[in-house]
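# Topology and contacts: notes
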Amino acid sequence: MSLAPRAVLVHRTTEYEELVARHGTHGQAAFFLASRGRDIEEVAERHRRTRRALAEVTAAIPLTWRQSRVERADLDRFLFAPEDVVVVVGQDGLVANVAKYLAGQPVVGIDTDPGRNPGVLVRHRPGDAAALLPSALATGTDAEELTMVEAVADDTQRLVALNEIYLGAAGHQTARYRLGLEDDGGVVEAQASSGVLVGTGTGATGWIRSVWQERSAGLRLPGPTERRLLWFVREAWPSPATGTSLVAGELTAGARLTLGVESERLIAFGDGIESDAVELTWGQTVRVGVCGERLRLVG
């Protein structure tokens, strides 16, 4: 007998909850903010909107479904199942946070603060959940297949991201490595830089776009569903031992960017989460390219 679908509500601790946890009470948190010219009511109201949204979405889950909740900090310890419908209740970035833990499960993004969030990935309101949840499992559901990026090290460590992957020094200081393109005749260049950024079309609204705007070099930004990535070397430094000829380009579905580590310690992290990084050391090689899995974002 097949299992009933499970709605997994993904959320994050609110700013208000973080403030109260840090200062002990609402009054102490209010005093702290007031000393800096801020009113706690603004933060508290956003907290209340988030809680109301969570309650409304929870009430919309079909009675025959199972349900579970997971906070962002616990995502790396949560086991998603094939029959899950993942409901992200919060900001756009929360969708990116959960994407790398999924394997084709449909994702519904619920915006808890319309007007404050861009709504690129959290496209729906809490009141839409009752109609969206049953339809998320239906054949032919209107879902976008968003391209992701992956980095795979020679010791089998693997990192997946929805927006971008950064490879470089932990403190964003000078990273030393050998950069190459597998489909470019084996050309490899020794470099010293502030790191390498490889991004998707979804990430083209964020970090990768800021670099692209400075020096697009005729490259066209990919669309979110396009199986194509852009990569940029940040602040490459020319010297007798290091070059600057390979500093930007694109990667199609079958292409890979390779990086051979020539530093004591480099890291690779995705979507701005430095706490969940792959660590690399002298002599290791990491390959970066289009990920085989895609994120299924409903409507």
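The coordinates are above.
In every chain, residue numbers begin from 1 and rise along the written sequence. Residue-level local features of this predicted model are given only where pLDDT is at least 70; pairs of side-chain atoms are given and counted only at 80 or more, and the full residue set underlies all totals for whole chains, interfaces and linings. By convention in this description, side-chain values take in all heavy atoms of the structure and omit both hydrogens and water.

Glancing now at the overall build of the protein chain. Each helix is a run of DSSP H or I of at least 4 residues and each strand a run of E of at least 2, with the numbering of both proceeding from the N terminus. Of the regular secondary structure elements, the protein chain holds six helices and 16 strands. Its C-alpha atoms give the protein chain a radius of gyration of 21 Å, within 12% of the compact-globule value 19 Å for 299 residues. Expressed as lengths along the three principal axes of its C-alpha atoms, the size of the protein chain is roughly 65 × 55 × 35 Å. Here the protein chain, with 299 residues, has 49% of them falling under the buried criterion. Note on definitions: a residue-residue contact is assigned when non-hydrogen atoms from the two residues lie within 4.5 Å. Considering only residue pairs separated by 6 or more positions, the protein chain has 66% of its internal contacts joining residues 24 or more positions apart. When the accessible surface of the protein chain is summed, it comes to about 13900 Å², and 52% of that surface belongs to carbon and sulfur atoms. Taken over C-alpha atoms, the radius of gyration is set against a globule rule of 2.2 Å times the number of residues to the power 0.38. For the exposure calls, accessible area comes from a 1.4 Å probe over protein chains only, and a residue counts as buried if that area is under 20% of its type's maximum, exposed if over 50%, partly exposed in between. The method behind every accessible area is Shrake-Rupley, applied with a 1.4 Å probe, and residues are considered shielded solely by the protein chains displayed.

What follows covers the sheet that holds strand S10 (residues 196–199). Read from one edge to the other, the open sheet built from six strands follows the order S12-S11-S10-S7-S14-S15, with strand pairing classed as antiparallel. Of all strands in the sheet, those with a lone pairing partner are strand S12 (248–252) and strand S15 (278–280), marking the two edges. Neighbour-to-neighbour, the strand axes of the sheet open up by a mean angle of 15 degrees, direction not taken into account. Note: strand S7 (residues 164–168) against S10, four bridges, orientation antiparallel. Across the sheet, the residue bridging to Ile165 is Val198, located in S10. The rule for pairing is simple: two strands pair if DSSP sees at least two bridges between them. Axis definition: a line fit to C-alpha positions, over the contact stretch in the case of helices; interaxial angles, taken between N-to-C directions, run 0 to 180 degrees.

Before going further, it helps to examine the nonpolar core. By size, the foremost hydrophobic cluster in this structure holds 30 residues, and its most contacted members are Leu179, Val198, Trp231 and Leu259. Per-element tally for this core: the top contributor is strand S8 (residues 175–181), with four residues. The residues touching Leu179, leaving out its near neighbours within four places in the chain, are Val187, Val188, Glu189, Gln191, Val196, Trp231, Val233, Leu246, Leu257, Thr258 and Leu259. Residues belong to a common nonpolar core when they are buried Ala, Val, Leu, Ile, Met, Phe, Trp, Tyr or Cys residues joined through side-chain atoms within 4.5 Å.

The description of two aromatic rings rests on the distance between their centres and on the angle between their planes. Stacked, tilted and edge-to-face are the three classes assigned to paired rings of Phe, Tyr and Trp, where Trp is represented by its six-membered ring and a pair needs centres within 6.5 Å; plane angles under 30 degrees give stacked, over 60 edge-to-face, the rest tilted. Inspection of the entire model under this criterion finds three aromatic pairs. Between Tyr166 and Trp207, the ring centres sit 5.8 Å apart and the planes meet at 20 degrees, which makes this aromatic pair stacked. Separated by 41 residues along the polypeptide, Tyr166 in strand S7 and Trp207 in helix H6 (residues 207–214) bring together distant segments of the chain. Assessed through its relative accessible area of 27%, Trp207 is described here as partly exposed. Both rings, one in Tyr166 and one in Phe269, keep their centres 5.1 Å apart while their planes meet at 40 degrees; by these two values the pair is tilted. Here Tyr166 is found in strand S7, whereas its partner Phe269 is found in strand S14 (residues 266–270), with 103 residues between them in sequence. This pair shows no difference in class: Tyr166 is buried, exactly as Phe269 is. Ring pairing ties together the aromatic residues Tyr166, Trp207 and Phe269, which thus form one cluster.

A few words now on helix H4 (residues 92–99). Within H4, seven of the eight residues are buried, which leaves it mostly tucked inside the rest of the structure. Among all positions of H4, only Asp92, Leu94, Val95, Ala96, Asn97, Val98 and Ala99 are buried. The inward-facing, buried residues of H4 abut strand S1 (6–11), strand S3 (84–90), strand S4 (106–111), strand S5 (143–153) and strand S16 (285–298).

Right, let's get into the side chain of Asp92. Following the sequence through the fold, Asp92 ends up in helix H4. Among buried charged residues, Asp92 stands out as having no salt bridge; its nearest opposite-charge side chain is Arg123, 7.0 Å away. A polar contact is formed between the side chain of Asp92 and the backbone nitrogen of Gly119, at a distance of 2.9 Å. Here a polar contact means two N or O atoms within 3.5 Å. Within protein one must be a hydrogen donor candidate and the other an acceptor candidate, and residues neighboring in sequence count only if both atoms are side-chain atoms. In this structure the side chain of Asp92 is engaged in a polar contact, spanning 2.9 Å, whose partner is the backbone nitrogen of Val122. Ignoring any residue separated from it by four or fewer positions in sequence, one finds Asp92 in contact with Asn117, Pro118, Gly119, Val120, Leu121 and Val122. Counting rule for charge: Lys and Arg are taken as positive, Asp and Glu as negative, and neither His nor the chain ends is counted. Salt bridges are identified by distance alone: a Lys or Arg side-chain nitrogen within 4 Å of an Asp or Glu carboxyl oxygen.

Let us look at the environment of Thr174. Along the chain, Thr174 falls in the loop between S7 and S8. Distance from Thr174 to Asp276, taken between C-alpha atoms, is 21 Å for residues 102 residues apart in sequence. When neighbours within four sequence positions are excluded, Thr174 is seen to be in contact with Ala169, Ala192 and Ser193.

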